[in-house]
Structures are given as structure tokens and as C-alpha cells.
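Analysis of the macromolecular model
Listed here are the chains, written in short residue letters.
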Amino acid sequence: MDFTKNHKINLTKEMETLLISLQAKAKDSFSKHSILHDKKAADILQMIDYDFEKLSHFGNEMMVIRAKQLDTWLQEFIKK
């Protein structure tokens, strides 16, 4: 996959909110103490031509913690 090629995207304001969790997961993957280890999110983020600074005021840490909790609940559900 060519990660140097940027893809320009045009999203409505509502659709832009979908990028919040993608950005949070990508930032987490670069952390020394990553919670999700979602390298794919980081790969996808690098491919998108978008001003992610517009999303920087959202609580990335809370998005990652929420995603981890949802993963835990889903794993428990699947085991049952």
C-alpha cells in the first residue's frame, strides 16, 4: 500500500466527526504506552489529505479509553 499518496476527501460537518476516533486511535498507536495498538488507523490517517488540527480540541484520550472499553465488552460478549 502506498502511504505517501494523499487522498483528498470532502465531508459534511456530520461526516467529519467520524475522523475524530480515527485520529485518536492513530495518535494512540504512536504513544510509547499505546492502549489500542491500532497501526492501521495510523496508516489510514497518513493517507488522508485533511486538516486534522480542526479536530485537535476533542479529547483523544477519552476516545481511546472508550474504544478500549467497547473492545473489552465485545470480547466478553463473544466468549459467552
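First, a word on scope: everything that follows refers to the structure included in this document. By convention here, each chain's residues receive numbers from 1 onward along its written sequence. A pLDDT threshold of at least 70 governs which residues receive local features in this predicted model, and a stricter bar of 80 or more applies before side-chain atom pairs are shown or counted, although totals over entire chains, interfaces and linings include all residues. As a convention, hydrogens and water are excluded, and side-chain values are obtained from all of the structure's heavy atoms.

Grouping into patches uses exposed residues only, defined as over 30% relative accessible area, and leaves out salt-bridged ones; the cut-off is 9 Å for like charges and 5 Å for nonpolar side chains (Val, Leu, Ile, Met, Phe, Trp, Tyr). Here the open area of atoms and residues is found with the Shrake-Rupley method and a 1.4 Å probe, where only the protein chains shown may cover a residue. One speaks of a salt bridge when a side-chain nitrogen belonging to Lys or Arg is within 4 Å of a carboxyl oxygen belonging to Asp or Glu. Taken together, the side chains of Leu11, Met15 and Leu18 present a nonpolar region at the surface, about 270 Å² in accessible area. Secondary structure counts use DSSP, requiring at least four H or I residues in a row for a helix and at least two E residues in a row for a strand, with both numbered from the N terminus. Summarising the element assignment, leucine 11 is placed in the loop between β1 (7-8) and α1 (13-16).

Positionally, glutamine 23 belongs in helix α2 (residues 18-30). There is a polar contact of 3.3 Å between the side chain of glutamine 23 and the backbone oxygen of phenylalanine 52. Within 3.5 Å is the distance limit for a polar contact, defined as a pair of N or O atoms, with the added protein rule that one can donate a hydrogen and the other accept it, and that residues adjacent in sequence qualify only through two side-chain atoms.

Only the six-membered ring of Trp is used, alongside the rings of Phe and Tyr, when aromatic pairs are assigned; centres must lie within 6.5 Å, and planes under 30 degrees apart are stacked while those over 60 apart are edge-to-face, with the rest tilted. This model, assessed by the stated rule, comprises one aromatic pair. Seen in terms of ring centroids, tyrosine 50 and phenylalanine 52 are 4.9 Å apart; in terms of plane orientation they differ by 70°. Their pairing is edge-to-face. Taken as a pair, tyrosine 50 and phenylalanine 52 share a single burial class, namely buried. Partly exposed residues are those whose accessible area sits between 20% and 50% of the maximum for their type, while under 20% is buried and over 50% is exposed, using a 1.4 Å probe and protein chains only.

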